[in-house]
Amino acid sequence: YLGQTPPGTTPVVFAQGIVSTGLYTRDIAISKDGTEIYFCISDAAATAILVTKLVDNRWTEPAIAPFSGKGFFDFEPHISPDGTRFFFLSNRPPLGEEAKPGWFYQKIWMMNRKETGWSEPIMVEEPISSENNEFFPSTTNEGVLYFTRSAKNGTPMIYRSALKNGTYEEPEVLPFSLPETGMLFNAFISPGEDFLITCAMGIDTTNTDQDYYIGVRSPDGKWGQLIKFGPE
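Note that the coordinates shown come from a computational prediction; the quantities given were computed from them, not determined experimentally.

> In this structure, what is going on with the pairing of strand β19 (residues 211-216)? I would like to understand it.
On any regular strand, side chains alternate: one points to one face of the sheet, the next to the other face. Sheet topology note: the strand β18 (residues 195-201)/β19 ladder contains six bridges and is antiparallel. Within the sheet, the bridge partner assigned to threonine 198 lies in β19 and is tyrosine 213. Where β19 and strand β20 (residues 227-228) come together, two bridges link them in antiparallel fashion. Considered in β20, the bridge of tyrosine 213 is made with lysine 228.

> Sorry, what's going on with the state of the cysteines here?
What is meant by a disulfide is a covalent connection between two cysteines, made through their sulfur atoms. Across all of its chains, the model carries zero disulfides by this definition. We note that cysteine 40 lacks a disulfide partner, and the nearest cysteine sulfur, in cysteine 199, lies 14 Å from it. What makes cysteine 40 buried here is its relative accessible area of 0%. In this structure cysteine 199 comes out as buried when scored by relative accessible area, which is 10%.

> Explain the packing of aromatic side chains here, please?
Tallied over the full model, the rule gives 12 aromatic pairs. Seen in terms of ring centroids, tyrosine 38 and phenylalanine 86 are 4.9 Å apart; in terms of plane orientation they differ by 80 degrees. Their pairing is edge-to-face. Of the two residues, tyrosine 38 sits in strand β2 (residues 36-42) while phenylalanine 86 sits in strand β7 (residues 85-90), which places them 48 residues apart along the sequence. A relative accessible area of 0% places phenylalanine 86 in the buried class. Ring-pair connections join several aromatic residues into one group, and the members of that group are Tyr38, Phe67, Phe86, Phe88 and Trp118. Sitting above the plane of the phenylalanine 75 ring, arginine 26 keeps its charged end 4.3 Å from the centroid. Between the NZ or CZ atom of arginine 113 and the centre of the ring of tryptophan 118, over which it lies, the distance is 4.0 Å.

> Hey, could you run me through the layout of surface pockets in this one?
Rolled over the atoms, a probe with the dimensions of a water molecule shows which regions are left empty. Taken as a whole, the largest pocket holds about 1500 Å³ of empty space. Only β1 (24-30), β6 (74-79), β11 (133-139), β17 (183-189), β18 and β19 provide two or more residues apiece to the lining of the largest pocket. Among the elements that line the lining of the largest pocket, the one with the most residues is β1, at six residues. Here the lining of the largest pocket is composed, by residue class, of 22 nonpolar, nine polar and five charged. For the second largest pocket, the calculated volume is near 280 Å³.

> What's the story with the side chain of serine 31 in this structure? I'm lost.
Along the polypeptide, serine 31 turns up in the loop between β1 and β2. Excluding its chain neighbours within four sequence positions, the residues that come into contact with serine 31 are Glu36, Ile79 and Arg113.

> Please explain the sheet that holds strand β13 (residues 157-161) as it appears in this structure.
With antiparallel pairing, four strands are arranged side by side in an open sheet as β11-β12-β13-β16. The open sheet has two edge strands with one neighbour each: β11 and β16 (172-173). Judged from the two bridges that link them, β13 and β16 form a sheet pairing that is antiparallel. By the bridge assignment for β16, arginine 160 is matched with glutamate 172.

Procedures and definitions
- Residues numbered from 1 in each chain as written.
- Predicted model: local features only at pLDDT ≥ 70, side-chain atom pairs only at ≥ 80, totals over all residues.
- Heavy atoms only, no water.
- Pairing = 2+ DSSP bridges.
- Helix = DSSP H or I, 4+ residues; strand = E, 2+ residues; numbered from the N terminus.
- Disulfide = S-S within 2.5 Å.
- Buried < 20%, exposed > 50% of the residue type's maximum accessible area, 1.4 Å probe, protein only.
- Phe/Tyr/Trp six-rings, centres within 6.5 Å; stacked < 30°, edge-to-face > 60°.
- Lys NZ or Arg CZ within 6 Å of the ring centre and 35° of its normal.
- 1 Å grid on protein atoms, 1.4 Å probe; cavity = no way out; pocket = protein on both sides within 12 Å on 5 of 7 lines; lining within 4 Å.
- Points joined across faces, edges and corners; volume = space filled by probe spheres on them.
- Nonpolar A, V, L, I, M, F, W, Y, C, P; charged D, E, K, R; others polar.
- Contact = heavy atoms within 4.5 Å.

Now the structure itself:
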């Protein structure tokens, strides 16, 4: 736990002074063996994924990950439960396209684990990538990919795509009943695909800002009603 005192049931700031330093910091991914931690920092000019590793029983100084800090905005790292794949959001252009300023491109990129680290990033192609924005990847033990999709300046929703024979199937939007103004985004799916934690906005009378909700999935694939987390 980076030398920190583990928290109780009330949340505390994570790794203050190491990961949480006062910079705009968000999104975290931890390797399966617990020896690598990836997280994002951002300011007005740049957004990058940083990494710290446990080497000889000591954590290295956080530094920009080798695949990030290339002049693009990188966010939302996710390591698959088996530790073999690394996903992240980036505004880097698809192959053959010119770079655009800002968040013109919002696509999910993926790397495979190698003995020496991670492979070169490749964009996750159709049917995950589309003319819309796709971001915040999260995967299960079976390789099912959950992600957020939204039209340009549109309403975001959570999608699910199963992995069959190494290929993602056509994504399906999660079947939560929402009002017209409601939106779900940035969801974490548990490795066993039995529960989901999602940001939500405008889905009930208590949800006037961005709040966290949890949804439970039954073995037959049906989702129960979203439950709002309390203030603690």
